[in-house]
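Here's the letter readout for the chains.
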Amino acid sequence: MNEVERILELRRQLHEHNHNYYVLSSPTISDFEFDALLRELQSLEEAHPEMYDATSPTLRVGSDISKGFTQVPHKYPMLSLGNTYSKSEVADFYERVKRLLNDDFEICCELKFDGSSISLTYKDGKLVQAVTRGDGEKGDDVTANVKTIRSIPLVLKGDSYPREFEIRGEILMPWAVFEELNQSREKQGEPLFANPRNAASGTLKLMDSSEVAKRKLDAYLYYMLGEELPAEGHYENLMAAREWGFKISETTRKCHTLDEVFAFIDHFDQARKELPVATDGIVLKVNSLRQQKNLGYTAKSPRWAIAYKFQAERALTRLNEVTYQVGRTGVVTPVANLDPILLSGTIVKRASLHNADIIEKYDLHIGDMVYIEKGGEIIPKITGVDTDARFMLGDKVRFITNCPVCGTPLVRAEGEAAHYCPNEFGCAPQMRTKIEHFVSREAMNIETIGPETVELLFNYGLIKNVADLYSLQMEDFMFLPRLGAKSAENVVAALAQSRQVPFERVLFALGIRYVGATVAKRLARAFGDIDSLIAATIPQLTAVDEIGERIATSVKAYFEKPANMELVARLREAGLKFRLEEEVTSNRTDILAGKSIVISGVFTHHSRDEYKEIIEQNGGKNVSSVSKSTSFILAGENMGPSKLEKAQKLNVKVMSEDEFLALLS
Ligand code: IVH
């Protein structure tokens, strides 16, 4: 077998193994063997750029070549479904269909998956395009991202599929992946996703498909469109699609009577709680395509299908008190304290009220009987009040006007829902959580100081801010309860040790709003030391890759506050690192100053990430898409054809890896 034949053979095998693993859940080789085959294919493809194939399994790992999404019109509009909330409404639907058809009919019952809908186009058995729902008429082309989803076939099995068709379904983030993602976001100080649906659609819109690949999305398909579908029945078409390699839910059933439909609903009302992905109802579809056509559409939705929405699990309990929490950035969150009650398997005593608007919306009074629900959200929320149960009206709940901890009048920014306590340097919970962040593992990693130690030191007045940590002496610990001499010694030693922490992590540890670990790293690399960062203007900040207006403004605002400047000065005096290490800085030049560079393709001398760093270190800016202001494209092998075309059209220079390295030396 020559190399070209081997490439084809490897692609065939890897498609098969993907299907076995991600669709059938029954792999026939180990992960290790799979990776070995994939790597072999990768290196052969690199050696044979002429063998480029848009459906190669190697594209599943994604690439950070990103383009803004192009909007494309849907060939068939993506409609929504009419909603029903009770069996009697379902019965109405059934009777209406019966009357209109005046003939026997079958109903296909499916789960309503709660993710982000997608339309996939296949031509000659290959995935050619994936488009989001958008406004129903046109959506975003997210093909590169969708290719990273392993349960979506890039190449179909067999040969009985139509030459061209669309198949629609739902992109989902399984519960387990969602929880893991949120945990890591919490650690990084990034905002959490409210539910798997938001997480899935947010992931689909990421610019970097290699990031998408890491998020482990899944997909179920439930609707096929085209001129030459294999069968006259919807269910039968789905079964054919399963043969071609698509993931079709095992739960889909064909029903012949209304009672069978009800039995399906009753079963999944409970059984859905055990599923690995989120569902929010059931979809009922008239099975025959001919009958579907006869029934037709209203302006927004088909007459041949309807959704039955599950009742979110709800409980009624008494509101006893509203308390308020102050977070690290000063946001004040109202919390409802409730009579304990069982809801979806856990006892709930508190529910988030989010902000003042919600309190107003329900006109809450103490003693009210309130409905609480646990939707896709993690923290239960109040979704209504039973006003009939209000026989004696308690005090009206009024959002506080002053900080519950320090008494400072709260502020509410124009157009924002949240109230803030502006006393960031004097309000205890804000001060304390800033210190907790500073010592945390991802920041200064001062292991011996956990949240309890911070609390202890803080409550005893030994530290008010992070700079105070470095003034601590052994004798300061003498009168502290629960902290022996040995522990004190460890704390002091760990603090001394933390002087070695590199600049980028010190920068992250400062806790500047929107400056997470990755952003801190980029800023540190781009500016080299704290003085250059402090002096940077907004345009200089936004010139750094991935730094936008929001982050730039926040960085500027931070250093404009004298208290922060004093803090930095004290930390610097304490010996913390406020500039990059020599070996990182020694390679810095200005050769690429003012240049906007697009990286595309596969490289031999350095990895793509290394090239990104090299560009930044030499004063250049990485940009993701080719435009007329692009200075040049650093092109490896297999550069994306659309990029090449655009470069030629706009007369942008395409530079090879060797030329680029020559330029720098
Ligand atoms: S059929 C014309 N089937 O629900 C009907 N939709 O409100 C096309 N959905 O946008 C949709 N599970 O994102 C269909 N088994 C299922 C579904 C489903 C979830 C979503 C889909 C659609 C929305 C309809």
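Residues numbered from 1 in each chain as written. Predicted model: local features only at pLDDT ≥ 70, side-chain atom pairs only at ≥ 80, totals over all residues. Heavy atoms only, no water.

A. How the structure looks around the overall build of the protein chain. Looking only at helices and strands, one finds 25 helices and 21 strands in the protein chain. Evaluated residue by residue, the protein chain yields a buried proportion of 47% over its 665 residues. In the protein chain, the share of contacts with a sequence separation of at least 24, taken over all contacts with a separation of at least 6, comes to 67%. In the protein chain, the 81 positive side-chain charges and the 95 negative ones have mean positions that sit 3 Å from each other. (Helix = DSSP H or I, 4+ residues; strand = E, 2+ residues; numbered from the N terminus. Buried < 20%, exposed > 50% of the residue type's maximum accessible area, 1.4 Å probe, protein only. Contact = heavy atoms within 4.5 Å. Lys, Arg positive; Asp, Glu negative; His and termini not counted. Charge placed at Lys NZ, Arg CZ, Asp CG, Glu CD.)

B. Inspection of the packing of helix 3 (residues 87–101) against helix 9 (residues 258–271) at higher detail. In the contact formed by helix 3 and helix 9, the axes pass within 11 Å of each other and the chain directions differ by 145°. Both helix 3 and helix 9 take part in a crossing whose hand is right-handed. Contacts between helix 3 and helix 9 involve Lys 87, Val 90, Ala 91 and Tyr 94 on the former and, on the latter, Leu 258, Val 261, Phe 262, Ile 265 and Asp 266. In the contact of helix 3 with helix 9, the residues fall into seven nonpolar, no polar and two charged. (Axes fitted to C-alpha atoms, helices over the stretch in contact; angles between N-to-C directions. Left-handed = near helix turned anticlockwise from the far one by under 90°. Nonpolar A, V, L, I, M, F, W, Y, C, P; charged D, E, K, R; others polar.)

C. Representation of the sheet that holds strand 11 (residues 305–309) in the model. The strand order across the open sheet built from five strands is 2-11-10-3-9, with neighbouring strands paired in mixed fashion. Edge positions in the sheet fall to strand 2 (83–84) and strand 9 (253–255), since each has one partner strand and no second. Taken together, the three bridges between strand 3 (residues 107–113) and strand 9 define a ladder with antiparallel strand orientation. Residue pairing in the sheet places Cys 108 in a bridge with Lys 254 of strand 9. Most of the contacts of helix 8 (residues 234–244) go to strand 3, to which it runs at about 55°, and overall it touches strand 3, strand 9 and strand 10 (279–286). Its contacts with the sheet put helix 9 on strand 3, strand 9, strand 10 and strand 11, and the angle it makes with strand 3 is roughly 20°. (Pairing = 2+ DSSP bridges.)

D. Focus on the packing of helix 1 (residues 3–23) against helix 2 (residues 31–47). Interhelical geometry of helix 1 versus helix 2 gives an angle of 145° and a closest axis separation of 10 Å. For the crossing formed where helix 1 meets helix 2, the hand is left-handed. For the pair formed by helix 1 and helix 2, the contact residues are Glu 3, Arg 6, Ile 7, Leu 10, Arg 11, Gln 13, Leu 14, His 17, Asn 18 and Tyr 21 on the first element and Asp 31, Phe 34, Leu 37, Leu 38, Glu 40, Leu 41, Leu 44 and Glu 45 on the second.

E. How the structure looks around empty space enclosed by the protein. According to the stated counting rule, one finds two cavities of 30 Å³ or more in the structure shown. The computed volume of the largest cavity comes to approximately 40 Å³. Contributing to the lining of the largest cavity are Glu 110, Phe 113, Tyr 220, Leu 221, Tyr 222, Leu 238, Ile 248, Ser 249 and Thr 252. Going through the elements one at a time, strand 3 and strand 8 (218–225) are the ones with two or more residues in the lining of the largest cavity. Residue classes in the lining of the largest cavity are distributed as six nonpolar, two polar and one charged. If you add up the space inside the second largest cavity, you get close to 40 Å³. Taken together, Met 224, Leu 229, His 234, Asn 237, Leu 238 and Leu 289 form the lining of the second largest cavity. (1 Å grid on protein atoms, 1.4 Å probe; cavity = no way out; pocket = protein on both sides within 12 Å on 5 of 7 lines; lining within 4 Å. Points joined across faces, edges and corners; volume = space filled by probe spheres on them.)

F. Quick look at the site of the ligand. In the neighbourhood of the ligand, 13 residues make up the surrounding shell, with Glu 110, Phe 113, Glu 170, Tyr 222 and Lys 285 lying closest. One nitrogen or oxygen atom from the main chain of Phe 113 is found 3.0 Å from a nitrogen atom belonging to the ligand. Of all the secondary-structure elements, those providing two or more residues to the shell around the ligand are strand 3, strand 8 and strand 10. For the shell around the ligand, the element with the highest residue contribution is strand 3, accounting for four residues. Residues belonging to the shell around the ligand are distributed by class as follows: seven nonpolar, two polar and four charged. (Near = heavy atom within 4 Å. Polar contact = N/O pair within 3.5 Å; in protein donor to acceptor, adjacent residues only side chain to side chain.)

G. Representation of the sheet that holds strand 4 (residues 116–123) in the model. The strand order across the open sheet formed by four strands is 5-4-7-8, and the pairing between neighbours is antiparallel. Two strands close off the open sheet at either side, each with one partner strand: strand 5 (126–132) and strand 8. This sheet shows a mean twist of 30° between the axes of neighbouring strands, independent of strand direction. One ladder, built from six bridges, connects strand 4 with strand 5; its direction is antiparallel.

H. Spotlight on the nonpolar core. Formed by 58 residues in total, the largest nonpolar core has its most connected members in Phe 438, Leu 469, Tyr 470 and Leu 523. Not counting residues within four places of it along the chain, the set of residues in contact with Tyr 470 comprises Phe 438, Met 444, Ile 446, Leu 495, Ser 498, Arg 499, Leu 571, Ala 574 and Leu 576. In terms of nonpolar packing, the next biggest core, distinct from the first, is built from 35 residues, Leu 154, Phe 178, Val 212 and Met 239 among them. (Core = buried A, V, L, I, M, F, W, Y, C linked by side-chain atoms within 4.5 Å.)

I. Region of interest: the pattern of salt bridges. Under the defined criterion, the tally for this structure stands at 38 salt bridges. Across the salt bridge formed by Lys 138 and Asp 135, the nearest N and O atoms sit 2.9 Å from each other. Since its relative accessible area comes to 35%, Lys 138 is described here as partly exposed. For Asp 135, a relative accessible area of 47% translates into the label partly exposed. Residue Glu 236 pairs with Lys 254 through a salt bridge whose shortest N-O separation is 2.5 Å. Within this pair, whereas Glu 236 is found in helix 8, its partner Lys 254 is found in strand 9, the two being separated by 18 residues in sequence. The class of Lys 254 is partly exposed, set by a relative accessible area of 24%. Each of Arg 11, Glu 45, Asp 53 and Lys 126 takes part in one network of salt bridges that share partners. (Salt bridge = Lys/Arg side-chain N within 4 Å of Asp/Glu carboxyl O.)

J. The environment of Asn 182, seen in detail. Within the fold, Asn 182 resides in helix 5 (residues 175–187). Note on Asn 182: relative accessible area 5%, which makes it buried. Placed 12 residues apart in sequence, Asn 182 and Ala 194 show a C-alpha to C-alpha distance of 9.0 Å.

K. Representation of unusual backbone geometry in the model. The phi angle at Asn 102 is positive, at roughly 55°, despite the residue not being glycine. For Asn 102, the location among the structural elements is in the loop between helix 3 and strand 3. On the basis of relative accessible area, Asn 102 is assigned to the exposed category, the value being 69%. With phi around 55°, Lys 216 is a residue other than glycine that occupies positive phi space. Relative accessible area serves as the criterion here: at 49%, Lys 216 is assigned to the partly exposed category.

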